[in-house]
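# A closer look at the structure
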Amino acid sequence: MATLRSLNPATAEVLGEYEIADAKTVEEAVAEARIAAGWWAGLPADARRDRLLKWKRAIAAGSDELATLIHDETGKPFGDALLEVMLAVEHLDWAAHNAGKVLRRRRVSSGTLAADQAAALEYRPLGVIGVIGPWNYPVYTPLGSVSYALAAGNAVVFKPSEHTPGVGVWLAQAWATAVPEHPVLQVVVGDGTTGAALVDAAPDKIAFTGSAATARLVMAACARTLTPIVVEGGGKDAMIVAADADLDVAARAAAFGGFGNAGQTCAGVERVYVERPVYQDFLQRLAALAGNVKTDAYGPMTTPEQPEIVRAHVTDALAAGGRAVVGGVESIREPYVTPVLLAEVPEESAAVTEETFGPTLVVNPVADLAEAVRLTNASKYGLAASIFSADTKRAAALARQIRTGAVSINSVLGFAGVPSLPFGGVGDSGFGRIHGADGLREFSRSQAVTWRRFAPLIDLMRLDRDPVALERARKLFRFRHAR
Ligand code: NAD
């Protein structure tokens, strides 16, 4: 059996060795999940909730161990890893407590035409969900799909990133201990080949998180079996700084959003647009912060490919006429990259158009907020954005003009800890939603049920339709709709 080694990106130490799931193993896992899904979906909602909360308590109780594993596999500081677990648990708790309410059967109005019918809407589980995860937030991100899919009554087969298999195995073991009856959550370890096998096994939906390039491949494979898919892709999130903003708050947020997790955050800050009157002031404040950040505040690049992408973007930005205010190509000392602050970078540069996923920030001046919105929306990505302004009413109006799935005002990533809010993007950032009520419905199928309450006064749904009845219906119809 082929194996996969998990490495510590900071030290290259081997952390663990895991059996790679081949196509047959993946197919078997999906087949077992189908049986488990039947049992899970048949449980009363509160019985599912109690089991999910048992799993939640196991994760919370083991959070130090899990955070240590995240730290070891990704390189991010232990504190960041613990915060990730805390956020993920908050979402799991919300999903467990709210699934019954959000998805329960409800009576709806049957309207005028079908007054003889009673009507109800219900959300039923889809069956088996294949979850394919990334490495940058190996707990928070996949659990956004896993928790909500389980809470909606589905079984899950989860393929963690090949860079963080240990975290995935830990989560599945915690589940198996908390809910030993059936394998409702299973993990299959491997790289893209295992991911492709999971798609080929045709679960009832794929929840994919990763790059737009891989999303295109996965979606093409889903097309073969018409398997629906939710895509949580990358981003090139912009921060807008208005002239009336608190510049210290905005600069601190830019540093956290841009350099935190070594910039390896899908909804982190990659571009900053600042109104010209405060541009130099903001840049100086951010430069002072960036110049003092040590890499132990955010850790190494997690994968060996990332430093090369950062190098290419920084080189391109400088060649195109951008200015290195802090750092430059020399900041890349694999596996670490110290903060790079670039200014006045042409908008066509890869550092502005492509996801860099490194501790780099591009800061460009804008004439006004309308230009800031125009440049924000010029991206092929549309995951999240942030706006800093003393005028929160105006900022809320600006938010409506921004083409992203989320906007934070006077903070970055403000939505991450709000489990009742949906998360997801547009364009190359993907489609579909995880988290919140929308996230529960993403893993459900709506089912419309009607039942006849009485014989209708005007019955048109018969082959021997009475012409008098049709004429009556026609008059009523014109009275209601043609005036
Ligand atoms: P990736 O696209 O390289 O891989 C993602 C997953 O897909 C991995 O598990 C990988 O093994 C699997 N995979 C690769 N080829 C496959 C194939 N042909 N079929 C099926 N599965 C396949 O992404 P990554 O480098 O692991 O993650 C980083 C990316 O994820 C960034 O773009 C980041 O912005 C994005 N991301 C998005 C969110 C979000 O919620 N929107 C969250 C975290 C990360």
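All residue numbers here refer to positions counted from 1 along the written sequence of the relevant chain. With the structure being a predicted model, the display of local features is reserved for residues of pLDDT at least 70 and the display and counting of side-chain atom pairs for 80 or more, all residues being used for whole-chain, interface and lining totals. Think of the side-chain values as coming from all heavy atoms in the structure, minus any hydrogens and water.

In the annotation of an unreviewed UniProt entry, the protein chain is listed under the name Aldehyde dehydrogenase and assigned to Actinoplanes lutulentus. UniProt positions are given in the numbering used here, feature names are shortened, and annotations may be inferred rather than shown by experiment. Of the comments in the UniProt record for the protein chain, the one headed Sequence similarities (unreviewed entry) reads "Belongs to the aldehyde dehydrogenase family."

Turning to the overall build of the protein chain, a few remarks are in order. Secondary structure assignment for the protein chain yields 16 helices and 22 strands. Restricting the calculation to C-alpha atoms gives the radius of gyration, and the globule rule supplies 2.2 Å times the number of residues raised to the power 0.38. Here the C-alpha atoms of the protein chain give a radius of gyration of 25 Å, agreeing with the 23 Å that 2.2 N^0.38 yields for 483 residues. Reported as C-alpha extents along the three principal axes, the dimensions of the protein chain are approximately 85 × 65 × 40 Å. A separation threshold of at least 6 residues defines the contact pool for the protein chain, and within that pool the share at least 24 residues apart is 72%. Accessible surface for the protein chain amounts to roughly 20800 Å². Of this, 56% is attributable to carbon and sulfur atoms. Each helix is a run of H or I in the DSSP string that is no shorter than four residues. Each strand is a run of E no shorter than two, and both are numbered from the N terminus. It only takes one pair of heavy atoms within 4.5 Å for two residues to be counted as in contact. Per-residue accessibility takes into account occlusion by the displayed protein chains alone, with areas from the Shrake-Rupley method and a 1.4 Å probe.

With that settled, consider the sheet that holds strand 8 (residues 205–209). With mixed pairing, 6 strands are arranged side by side in an open sheet as 7-6-5-8-9-21. One side of each edge strand has no neighbouring strand; the edge strands of this open sheet are strand 7 (185–187) and strand 21 (430–431). Note on pairing: DSSP must find at least two bridges between two strands before they are called paired. Relative to strand 21, strand 9 (residues 229–232) runs antiparallel, the two sharing 2 bridges. Looking across to strand 21, one finds that Glu 232 is bridged to Gly 430. Fitted lines through C-alpha atoms give the axes, limited to the stretch in contact for helices. The angle between two N-to-C directions lies from 0 to 180 degrees. Sheet strands touched by helix 5 (residues 140–151): strand 5 (128–132), strand 6 (155–159), strand 7 and strand 8. Its angle to strand 6, the strand with the most contacts, is close to 165 degrees.

Centres within 6.5 Å make a pair out of two Phe, Tyr or Trp rings, where for Trp the six-membered ring is used; the pair is then stacked when the planes are under 30 degrees apart, edge-to-face when over 60, and tilted otherwise. Applying the stated criterion to the full structure yields 6 aromatic pairs. Arranged with centres 6.0 Å apart and planes meeting at 35 degrees, the rings of Trp 39 and Trp 40 form a pair that is tilted. The classification of residues rests on relative accessible area computed with a 1.4 Å probe and restricted to protein chains. Under 20% of the type maximum is buried, over 50% is exposed, and intermediate values are partly exposed. With relative accessibility at 21%, the residue Trp 39 sits in the partly exposed group. Taken together, a centroid distance of 5.6 Å and an interplanar angle of 75 degrees make the contact between Trp 40 and Trp 175 edge-to-face. Residue Trp 40 is located in helix 1 (residues 23–42), and its partner Trp 175 is located in helix 6 (residues 165–178); the two are separated by 135 residues in the primary sequence. Just as Trp 40 is buried, Trp 175 falls in that class too. Definition used: whenever NZ (Lys) or CZ (Arg) falls within 6 Å of the ring centre and also within 35 degrees of the ring normal, the charge is taken to sit over that ring. Between Arg 441 and the ring centre of Tyr 123, over which it is positioned, the NZ or CZ distance is 5.5 Å. When the ring centre of Phe 479 is taken as reference, the NZ or CZ atom of Arg 483 above it lies at 4.1 Å.

Time to look at the side chain of Lys 205. Following the sequence through the fold, Lys 205 ends up in strand 8. On the basis of relative accessible area, Lys 205 is assigned to the buried category, the value being 8%. Excluding its chain neighbours within four sequence positions, the residues that come into contact with Lys 205 are Leu 126, Val 128, Ile 129, Gly 130, Thr 227, Pro 228, Ile 229, Val 230, Glu 442 and Phe 443.

Below, the discussion takes up the site of the ligand. By convention in these notes, a residue is near a molecule or strand provided one of its non-hydrogen atoms lies within 4 Å of it. By nearness alone, 27 residues border the ligand, and Gly 133, Glu 162, Thr 214, Gly 233 and Glu 355 come closest of all. Gly 133 places a polar main-chain atom, nitrogen or oxygen, 2.7 Å from an oxygen atom of the ligand. Against a free-state accessible area of 860 Å², the protein chains account for coverage of 87% of the ligand. Those elements giving two or more residues to the shell around the ligand turn out to be helix 7 (192–200), strand 8 and helix 8 (212–225). For the shell around the ligand, the leading source of residues is helix 7, giving 3 residues. Broken down by class, the residue content of the shell around the ligand amounts to 10 nonpolar, 12 polar and 5 charged. Any pair of N or O atoms that falls within 3.5 Å is considered a polar contact. Within protein, one atom must be able to donate a hydrogen and the other to accept it, and sequence-neighbouring residues count only if both atoms are side-chain atoms. The classification used treats Ala, Val, Leu, Ile, Met, Phe, Trp, Tyr, Cys and Pro as nonpolar, Asp, Glu, Lys and Arg as charged, and all other residues, Gly among them, as polar.

What follows concerns the pattern of salt bridges. Take a side-chain nitrogen of Lys or Arg and a carboxyl oxygen of Asp or Glu: if they are within 4 Å of each other, that pair is a salt bridge. If you walk through the whole model with that rule in mind, you get 26 salt bridges. Close ionic contact of Asp 438 with Arg 441 constitutes a salt bridge, the shortest N to O distance being 3.6 Å. Of this pair, Asp 438 and Arg 441 both sit in helix 15 (residues 436–442), 3 residues apart, which is roughly one turn of the helix. Under the relative-accessibility criterion, Asp 438 is labelled partly exposed at 36%.

This chain's UniProt record puts "active site" (unreviewed entry) on Glu 232 and Cys 266. Across 35 residues of sequence, these annotated residues stay compact in space, with a maximum C-alpha separation of 9.1 Å. On the secondary structure map, Glu 232 appears in strand 9. The exposure class of Glu 232 is buried, given its relative accessible area of 4%. Residues in contact with Glu 232, not counting those within four places in the same chain, are Phe 208, Thr 209, Gly 210, Phe 423, Gly 424, Gly 425, Ser 429, Gly 432, Arg 433 and Ile 434. Within the secondary structure, Cys 266 is located in the loop between helix 9 (247–259) and strand 11 (271–275).

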